[in-house]
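# Summary of structural features
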Amino acid sequence: MKTTLILKKLASELHASKNRHITHEKLSDEFKNLYTDMDFIHQCIKDCIIDPKVFKNANNLFFYLLISGDVIIAINLFPPIADGALDITHDNIHHHGWRLLTTGVISGDGYETITFLKKSHENISNGIVNLKVEDIYKHTKSEIKFVDSYQPHVVFHPKSTTATLALWSSEKPLLNQKIKKYLKNITGMGNFFSKIARISKLDNALGLNPTKGVYFHPENGKIVETQNYSKPTDGSREEILNCMFSFFQQIKLNDTNFLSKIKKTAPPEAQILCDMLMSGEPIPDYGIKGNIRRRFSKKEILESLDLKK
Ligand SMILES: [Fe+2]
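Residues numbered from 1 in each chain as written. Predicted model: local features only at pLDDT ≥ 70, side-chain atom pairs only at ≥ 80, totals over all residues.

### Considering the pairing of strand β5 (residues 111–116)
Looking at chain direction, β5 and strand β8 (residues 133–139) are connected through six bridges and run antiparallel. From the neighbouring strand, Thr115 faces β8, where its bridge partner is Asp135. As defined by bridge partners, β5 adjoins strand β10 (residues 153–155) across three bridges and the pair is classed as antiparallel. Residue Thr115 lies in a different strand from β10, and its bridge partner there is His153. (Pairing = 2+ DSSP bridges. Helix = DSSP H or I, 4+ residues; strand = E, 2+ residues; numbered from the N terminus.)

See below:
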């Protein structure tokens, strides 16, 4: 079956479901078959990077495979931090608002993460966010993971690149007519990049203000809400392309016919990486420099949580 059809089938099962939590759970075996199937993953990536805009505009660590209404299927990259420091946050503590997420590790050793109790970020006193830890674990290939809506969590940079397949949906069918119209427009749009722009507008339409009550960090021994959070990019195009190609090499995506074809329309940095991939020359797993405003250590976070509560 064509990859698009497989992805669309997953999306339609979620669209038809009245209880999205149960459907995420029900789809998990099927989902595991997909993220462990390298032929499937290779094809999904090829379908995505055949669009020259993906490399040209490479500034974040996602590959969107399908955007259909409220359902998004994507590959997420978790590269190391370039200076090699350990247990550094990949992003601030955050939650995904109204979205449910099922995630499985495609490649690499996985990443360390802390999940907090759903909505525990809403317990704020004197500016201190009283997050309650649910679990501290390493998300690896062996286990599929589910992140609930409004469930804060934090991910730490791994030592070497890890990639995940992510399945997102809203927590319940969206009944509001205005929202339905919005989602229909997103699905109808041909261009992925305009779809992505509409998704962030959708957050606003659903009452999730992406800059308020979503991001948190440790400060002076306490967890506080991050003010004016902003992450326009994960890094420069050069950095991100290196992460992407390092991942392609990790999963042995080295189909010469395909790569020579996409090389023709690729930006110069990607052309060099295409050659390295085809010749088998090791692509260093440099990772990303990150940003000081999103850089916190696991120790700082653990020390800021009142674990006695
Ligand atoms: Fe997240």
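### Considerations on the nonpolar core
Judged by nonpolar contacts, the single largest core of 66 residues is most densely connected at Leu10, Ile73, Leu241 and Met244. In terms of residue count, the dominant contributor to this core is helix α7 (residues 237–250) (seven residues). Setting aside chain neighbours within four positions, we find Leu241 in contact with Phe55, Ala58, Glu269, Ala270 and Leu273. (Core = buried A, V, L, I, M, F, W, Y, C linked by C-beta atoms within 7 Å. Buried ≥ 20, exposed ≤ 12 C-beta atoms within 10 Å, placed from the backbone. Contact = placed C-beta atoms within 7 Å.)

### What to know about α7
With 14 residues, α7 extends 20 Å between its outermost C-alpha atoms, agreeing within 8% with the 20 Å of an ideal straight helix rising 1.5 Å per residue. With respect to burial, α7 is a largely interior element, ten of its 14 residues being buried. Restricting attention to buried positions, one finds in α7 the residues Glu239, Ile240, Leu241, Asn242, Cys243, Met244, Phe245, Ser246, Phe247 and Phe248. On its buried side, α7 packs onto α4 (52–56), β2 (71–78), β4 (99–107), β11 (162–170) and α9 (268–279). Lys252, located one to two residues past α7, shows a positive phi value of around 60 degrees. (Expected span 1.5 Å × (residues − 1).)

### Considerations on the environment of Lys159
Counting through the fold element by element, Lys159 comes out in the loop between β10 and β11. Between the C-alpha atoms of Lys159 and Asp87, which are 72 residues apart in sequence, the distance is 8.9 Å.

### Some details on the sheet that holds strand β1 (residues 62–68)
Overall, antiparallel pairing links the five strands, which are arranged β1-β2-β11-β4-β9 in an open sheet. Each having just a single partner strand, β1 and β9 (145–147) make up the two edges of the open sheet. The sheet shows a mean angle of 20 degrees between the axes of neighbouring strands, taken without regard to direction. Pairing of β1 with β2, which is carried by six bridges, proceeds in the antiparallel orientation. Opposite Leu66, over in β2, you have Ile73 as the bridge partner. The strands that helix α1 (residues 3–16) touches are β1, β2 and β11; relative to β1, the one it contacts most, it runs at about 55 degrees. (Axes fitted to C-alpha atoms, helices over the stretch in contact; angles between N-to-C directions.)

### Thoughts on the environment of His95
Counting through the fold element by element, His95 comes out in the loop between β3 (93–94) and β4. Exposure remark for His95: the 24 C-beta atoms within 10 Å place this residue in the buried category. The sequence separation of His95 and Thr115 amounts to 20 residues, and the corresponding C-alpha distance is 9.7 Å. Here His95 is in contact with His121, Tyr150, Gln151, Pro152 and Val214, once residues within four sequence places are set aside.

### Observations concerning unusual backbone geometry
Backbone phi values are negative for most residues with the exception of glycine, while trans is the configuration of most peptide bonds. Of note in this structure, Asn126 is not a glycine but carries a positive phi near 50 degrees. Along the polypeptide, Asn126 turns up in the loop between β6 (124–125) and β7 (128–129). When the 5 C-beta atoms within 10 Å are taken as the criterion, Asn126 is described as exposed. At Asn228, a position not held by glycine, the phi torsion is positive, near 50 degrees. Relative to the helices and strands, Asn228 resides in the loop between β13 (222–225) and α7. Overall, the presence of 8 C-beta atoms within 10 Å leaves Asn228 in the exposed class.

### Observations regarding the packing of α1 against helix α2 (residues 20–35)
How two helices pack is summed up by the angle between their axes together with the distance between the axes. With their axes 10 Å apart at the nearest point, α1 and α2 run at an angle of 165 degrees to one another. In terms of their interaxial angle, α1 and α2 are classed as roughly antiparallel. For α1 against α2, the interelement crossing comes out right-handed. Taking contact as the criterion, the partners of Ile6, Leu10, Glu13 and Leu14 in α1 are, on α2, Arg20, Thr23, Leu27 and Leu34. In terms of residue class, the contact of α1 with α2 is built from five nonpolar, one polar and two charged. (Parallel < 35°, antiparallel > 145°, perpendicular 65-115°, else oblique. Left-handed = near helix turned anticlockwise from the far one by under 90°. Nonpolar A, V, L, I, M, F, W, Y, C, P; charged D, E, K, R; others polar.)

### Quick word on the environment of Asp306
Its location among the elements puts Asp306 in the segment after α10 (298–304). In this structure Asp306 comes out as partly exposed when scored by C-beta crowding, with 14 C-beta atoms within 10 Å.

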